[in-house]
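Descriptive analysis of the structure
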Amino acid sequence: MSFPLTPGAEGLRTRLFHIIFESDTPGAKAFDIALIIAILLSVTVILLGSVEVYAERYGHIFFYTEWAFTLLFSLELLVRLYCLERPTVYLKSFYGIVDVIAIIPTWLVLLVPGAHGLVMVRILRVLRIFRILRLMEFVGEGRLLLDALKRSLRQILLFFSSILMVVTLFAALMYTIESPEAGFTSIPMSMYWAIVSMTTVGYGDIVPATSLGKAITVILMLIGYSIIAVPTGVFSAQVIRSIREDRYSEEACPGCGHDRHEKRARYCLRCGTWLDENSEDPRKKAHNRRGEEDDSASETKL
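For the structure given in this document, a descriptive report is provided here. None of these values were measured; they are calculated from a predicted model.

Remarks on the overall build of the protein chain
The helix and strand inventory of the protein chain stands at 12 helices and two strands. Starting at the N terminus and ending at the C terminus, the protein chain contains elements arranged as α-α-α-α-α-α-α-α-α-α-α-β-β-α. With 302 residues in all, the protein chain has 28% of them scored as buried. At a minimum sequence separation of 6, the contacts of the protein chain that also span at least 24 residues come to 54%. Of the roughly 19500 Å² of accessible surface on the protein chain, 65% is carried by carbon and sulfur atoms.

Take a look at the structure:
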């Protein structure tokens, strides 16, 4: 969240705040794990309830279980709001909205007739796991992936723009060559065929009938095979770059100028020079101390 969360007051509200919104204590970690388990079980109930066989056989169990989870999550949301200094600000945040959406559909079934179709919105509860993972040890990995995605965004957008141009050209060509009876009734429909063919899915609902159209299809499929790894390669390169920047420092060695040191390195790997220019080399300091001790011993002997 982009705003700082602060507890409402000292005492119980502060203790609840540290348990619910933080993850650096045993109680907070236990709360996060229990919440993850509850969310996963709730989503599992929603998924199984959508299967007709299970719904007919265990529908009453799913009903009571879902209400139990709804009451649990409603109580959790109330406690979250209770321990915050500004609860309305939290409700306006992304995760606050997700928390509300996760419980509102079940309550609407009681109040609004015909709102049963909104119950499937409860599947958004799975999004709450990302907040918990953000507070735990996965924050570093998540930040690294987001950083790589931001860096590769321009290259990926350029790649998709190129793909869109190729798809448009092949769609227009197939619309000219093939007949409407083959399914190429318009250029947008031909674009749908081109995307399906390029991604090697091949639904078979639109199939070229002429030999020239089939040859063009083969070319388009080969193009799809050749470029399918491009965005993956771009993103992977940015991930590797982020890992290197997160691990290595750009500060050059004052002795030899080498600039590929780990951030926690104390001495240059190439020449052994002390890297922290703001502090004295402890080896040099110890050497000077020994020299002073030797000089003092020599003066004593004299």
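Brief notes about the packing of helix H1 (residues 12–21) against helix H3 (residues 52–82)
Closest axis-to-axis distance for the H1/H3 pair is 9 Å, and the angle between their directions is 120°. The angle between H1 and H3 falls in the class oblique. Handedness of the H1/H3 crossing: left-handed. Side by side, H1 and H3 meet where Leu 12, Arg 13, Leu 16, Ile 20 and Phe 21 of the first sit next to Val 79, Arg 80 and Tyr 82 of the second. Per-class residue counts for the contact of H1 with H3 are six nonpolar, no polar and two charged.

Structural notes on H1
Residues Thr 14, Phe 17, Ile 20 and Phe 21 constitute the buried set of H1. Mapping the buried residues of H1 onto a view down its axis gives an arc of 135°, with all of them on the same face.

Describing the pattern of salt bridges
Summed over the entire model, instances satisfying the criterion amount to one salt bridge. The shortest N-O distance in the salt bridge between Glu 76 and Arg 80 comes to 2.6 Å. Of the two residues, Glu 76 and Arg 80 both sit in helix H3, four residues apart, roughly one turn of that helix. Accessibility expressed as a relative area gives 9% for Glu 76, which makes it buried. Judged by relative accessible area, which is 2%, Arg 80 ranks as buried.

So, how was this worked out
- Residues numbered from 1 in each chain as written.
- Predicted model: local features only at pLDDT ≥ 70, side-chain atom pairs only at ≥ 80, totals over all residues.
- Heavy atoms only, no water.
- Helix = DSSP H or I, 4+ residues; strand = E, 2+ residues; numbered from the N terminus.
- Buried < 20%, exposed > 50% of the residue type's maximum accessible area, 1.4 Å probe, protein only.
- Contact = heavy atoms within 4.5 Å.
- Areas by Shrake-Rupley, 256 points an atom, 1.4 Å probe, with all protein chains shown as cover.
- Axes fitted to C-alpha atoms, helices over the stretch in contact; angles between N-to-C directions.
- Parallel < 35°, antiparallel > 145°, perpendicular 65-115°, else oblique.
- Left-handed = near helix turned anticlockwise from the far one by under 90°.
- Nonpolar A, V, L, I, M, F, W, Y, C, P; charged D, E, K, R; others polar.
- Arc of directions from axis to C-beta.
- Salt bridge = Lys/Arg side-chain N within 4 Å of Asp/Glu carboxyl O.

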